[in-house]
2 protein chains.
Amino acid sequence: MAMIGSRAPRPRRKRPDRYHHGDLRRALVQEAVRTIQRHGVEGLTLRAVGQALGVSRTALYRHFADKSALLAAVAREGFRTLRLELVDAWERGGRGPEAFDAMSVAYVRFAVTHPSHYRVMFGGFVDARAADPDLREEAGAAFHVLVDALVAQQQNGLVRGDEPSQLARFIWAIVHGVAMLAIDGQLQRQDADAEDLIRYAADRIRSGIGIPGH
Amino acid sequence: MAMIGSRAPRPRRKRPDRYHHGDLRRALVQEAVRTIQRHGVEGLTLRAVGQALGVSRTALYRHFADKSALLAAVAREGFRTLRLELVDAWERGGRGPEAFDAMSVAYVRFAVTHPSHYRVMFGGFVDARAADPDLREEAGAAFHVLVDALVAQQQNGLVRGDEPSQLARFIWAIVHGVAMLAIDGQLQRQDADAEDLIRYAADRIRSGIGIPGH
DNA sequence: ACCTGAACACCGTTCAAGT
DNA sequence: ACCTGAACACCGTTCAAGT
């Protein structure tokens with residue numbers, strides 16, 4: 001019936017007639033990320049991923065329970081990248097108030113630059129409540145960068161002394177909201193308006209969470 | 001090959017051997033909404049929708065170009081309901097500052113109560129940039145309820161005189177962010193924590209957008 | 001106009017079999 | 001251990017044909 005792979009000379013990345021050599025698991029995640037960035041989440045098929053790697057379409061099941069497990073790995077990879085970019089923005093910005101703004105910008109930029117990847121992380125494809133521990137930990141680590149930055153600001157007397165997690169959830173909701181609106185096309189010019197909005201938001205946040213009369 | 005529908009006595013809602021009577025289009029949207037609320041977006045199949053209505057699985061194509069057009073209609077219905085609930089909160093709250101908080105709570109409650117419906121509205125299933133005019137208009141109308149409320153607050157001298165649309169986008173991003181975090185399971189106890197967070201956010205927003213020294 | 005039924009070109013997943 | 005290929009039970013969509 002299906003003639004996939006039996007038709008004509010099709011392009012191969014690796015040697016066509018050998019088992020996959022090294023770390024297939026990693027290769028699968030990378031290929032999935034690439035496919036998602038190009039064709040969106042709904043454009044991801046396990047068959048195409050296997051084919052791109054020169055591997056049977058069921059080879060994947062040696063490494064992942066099912067498609068949603070592969071998506072969970074993609075999400076985890078996304079949280080890792082996001083965390084690294086947040087840390088980078090915080091440290092390059094000098095760990096002060098401007099660094100805090102830079103983190104917000106970096107967050108939204110990550111989402112706008114990798115919209116489909118971002119959707120896998122937050123679009124309900126994986127349920128955070130039921131997610132595997134690795135994913136939860138990676139998501140938690142990204143969140144913690146924000147909490148740490150807030151605590152530092154509190155210690156410098158720049159931010160009111162509310163419970164840091166609650167404060168962090170509030171900030172997170174804002175940057176997350178801006179990011180979602182941007183990639184959903186609810187803002188007119190995706191990149192520019194998102195940048196405007198997040199900078200405006202940063203100003204408003206500062207009045208909202210700062211020490212009164214400071 | 002496929003034996004769907006040719007097997008045994010299956011339950012029907014309407015008379016089994018007649019054309020669908022009235023407004024099939026409306027019935028399709030309603031059934032889609034119901035299915036989505038019960039089984040999520042990924043659980044929606046055109047075949048099941050048709051079957052539930054006692055209609056062929058291709059009858060739908062008389063009223064919608066394809067599945068995504070049906071989803072757009074579902075999204076539109078969602079924006080309509082959301083708008084009505086926002087207006088209700090604003091008016092029942094007395095159109096003052098407390099009414100403004102009530103709107104935020106109503107927004108998040110809508111999302112938490114109808115998570116799948118909310119995802120259809122914002123989850124990338126329909127592209128807002130390319131959406132049909134009806135959908136864009138309905139979404140715009142919901143947004144405008146917020147803008148109007150902000151302008152009223154500005155006229156009462158309770159909110160700083162920034163450009164109302166920008167101010168509204170900022171608020172929208174916050175409530176949208178809280179709503180998304182809640183239905184994504186990123187908050188521990190979905191309902192209670194979302195309620196807490198949105199009330200905390202309302203306090204912080206008030207300091208952030210209020211007139212300084214007022 | 002509106003609906004039907006068969007057919008088409010896809011999916012994810014399972015499983016016995018190969019190396 | 002790791003991979004394959006056929007098979008299964010689904011999808012959305014098209015289209016000639018019916019009323």
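Residues numbered from 1 in each chain as written. Chains lettered and ligands numbered in written order. Predicted model: local features only at pLDDT ≥ 70, side-chain atom pairs only at ≥ 80, totals over all residues. Heavy atoms only, no water.

1. Structural notes on the overall build of chain A
On a plain count of helices and strands, chain A comes out with 8 helices and 0 strands. For chain A, the α and β elements follow one another from N to C terminus as α-α-α-α-α-α-α-α. When each of the 214 residues of chain A is scored for burial, the buried share is 50%. Carbon and sulfur atoms make up 49% of the accessible area of chain A, which totals about 11,000 Å². (Helix = DSSP H or I, 4+ residues; strand = E, 2+ residues; numbered from the N terminus. Buried < 20%, exposed > 50% of the residue type's maximum accessible area, 1.4 Å probe, protein only. Areas by Shrake-Rupley, 256 points an atom, 1.4 Å probe, with all protein chains shown as cover.)

2. Quick word on the protein's contact with DNA strand D
Taken together, 18 residues form the shell around DNA strand D, and within it A:Ser56, B:Arg47, B:Thr58, B:Tyr61 and B:Lys67 come nearest. In this structure, A:Ser56 approaches DNA strand D through a main-chain N or O atom, which is 2.4 Å from a phosphate oxygen. (Near = heavy atom within 4 Å. Polar contact = N/O pair within 3.5 Å; in protein donor to acceptor, adjacent residues only side chain to side chain.)

3. Points about the packing of helix H4 (residues 97-113) of chain B against helix H6 (residues 133-155) of chain B
All names here are of chain B. Running from N to C, H4 and H6 cross one another at 160 degrees; their axes reach a closest spacing of 10 Å. Classified by the angle between their axes, H4 and H6 sit roughly antiparallel to one another. Between H4 and H6 lies a crossing whose hand is left-handed. Contact residues: Pro97, Phe100 and Met103 in H4; Val145, Leu146, Ala149, Leu150 and Gln153 in H6. (Axes fitted to C-alpha atoms, helices over the stretch in contact; angles between N-to-C directions. Parallel < 35°, antiparallel > 145°, perpendicular 65-115°, else oblique. Left-handed = near helix turned anticlockwise from the far one by under 90°. Contact = heavy atoms within 4.5 Å.)

4. Regarding the domain arrangement of chain A
Note: interface size is frequently given as the accessible area lost on complex formation between the parts. All names here are of chain A. Along its sequence, chain A is organised into domain 1 (18-65) and domain 2 (75-209). Each of domain 1 and domain 2 has a C-alpha centre, and the two are 29 Å apart. Counting from both sides, the interface comprises 5 residues of domain 1 and, opposite them, 5 residues of domain 2. Carbon and sulfur atoms supply 74% of the area that domain 1 and domain 2 bury against each other, a total of about 500 Å² over both sides. Seen at the junction of domain 1 and domain 2, the total is 0 salt bridges. Applying the counting criterion to the domain 1 and domain 2 interface returns 2 residue pairs in polar contact (both at pLDDT 80 or more). In terms of residue class, the side of domain 1 that touches domain 2 is made up of 3 nonpolar, 2 polar and no charged. (Domains from an automatic or database assignment. Buried area = accessible area lost by both parts, 1.4 Å probe. Salt bridge = Lys/Arg side-chain N within 4 Å of Asp/Glu carboxyl O. Nonpolar A, V, L, I, M, F, W, Y, C, P; charged D, E, K, R; others polar.)

5. A look at unusual backbone geometry
Most peptide bonds are trans, and most residues other than glycine sit at a negative phi. Unlike most non-glycine residues, A:Arg95 shows phi in positive territory, near 55 degrees. Along the polypeptide, A:Arg95 turns up in the loop between helix H3 (67-92) and helix H4 (97-113).

6. Overview of the protein's contact with DNA strand C
The environment of DNA strand C is made up of 18 residues, and the closest members are A:Arg47, A:Thr58, A:Tyr61, A:Lys67 and B:Ser56. Protein-proximal atoms of DNA strand C, defined as those within 4 Å of the protein, fall in sugar or phosphate at a share of 52%. A:Lys67 places a polar main-chain atom, nitrogen or oxygen, 3.0 Å from a phosphate oxygen of DNA strand C. Residue composition of the surface near DNA strand C, by class: 8 nonpolar, 6 polar and 4 charged.

7. Brief notes about helix H3 (residues 67-92) of chain B
Residue and element names in this part refer to chain B. Spanning 26 residues, H3 covers 38 Å between terminal C-alpha atoms, matching the ideal 38 Å at 1.5 Å per step. Structurally, H3 contributes buried residues whose contacts are with helix H1 (24-39), helix H2 (46-52), H4, helix H5 (115-122) and H6. Just downstream of H3, glycine 94 is the residue with a positive phi angle, here 90 degrees. (Expected span 1.5 Å × (residues − 1).)

8. Section: the interface of chain B and chain A
Each partner contributes to the interface: chain B provides 37 residues, whereas chain A provides 37 residues. Between chain B and chain A, roughly 3,300 Å² of surface is buried when both sides are summed, and carbon and sulfur atoms account for 61% of that area. Counting across the interface, chain B meets chain A through 2 salt bridges. A:Asp162 is paired through a salt bridge with B:Arg204; the nearest N and O atoms lie 3.8 Å apart. Our count for the contact surface shared by chain B and chain A stands at 6 residue pairs in polar contact (both at pLDDT 80 or more). Secondary structure elements with two or more residues in the side of chain B that touches chain A: H5, helix H7 (164-183) and helix H8 (190-209) of chain B. Counting residues per element, the side of chain B that touches chain A draws most heavily on H7(B), at 14 residues. Of the residues contributing to the side of chain B that touches chain A, the split by class is 18 nonpolar, 10 polar and 9 charged.

9. Describing the packing of H4(B) against H8(B)
Residues and elements named next belong to chain B. Orientation of H4 relative to H8, taken along the N-to-C sense of each, is 150 degrees, at an axis distance of 10 Å. Regarding the angle of H4 to H8, the classification is roughly antiparallel. The handedness of the crossing between H4 and H8 is right-handed. Residues Asp101, Ser104, Val105, Val108, Arg109 and Val112 of H4 pack against Gln190, Asp191, Ala194, Glu195, Ile198, Arg199, Ala202 and Arg206 of H8. For the contact of H4 with H8, the residue count by class is 6 nonpolar, 2 polar and 6 charged.

10. Regarding helix H5 (residues 115-122) of chain A
With 7 of 8 residues buried, H5(A) lies mostly within the body of the structure. Buried residues of H5(A): A:Ser116, A:His117, A:Tyr118, A:Arg119, A:Val120, A:Met121 and A:Phe122, and no others. Those residues of H5(A) that are buried are in contact with helix H1 (24-39), H3, H4 and helix H7 (164-183) of chain A together with H5 and H7 of chain B. Once H5(A) finishes, A:Gly124 follows within two positions and takes phi at roughly 85 degrees, a positive value.

11. Some remarks on the relation of the copies chain B and chain A
Take chain B, turn it by 180 degrees, move it 0.0 Å along the axis, and it overlays chain A with an RMSD of 0.0 Å. The operation mapping one copy onto its partner corresponds to a two-fold rotation axis. The fraction of interface residues of chain B whose copies in chain A are also interface residues reaches 100%, indicating that both copies meet through the same surface. (Least-squares fit on C-alpha atoms with pLDDT ≥ 70 in both.)

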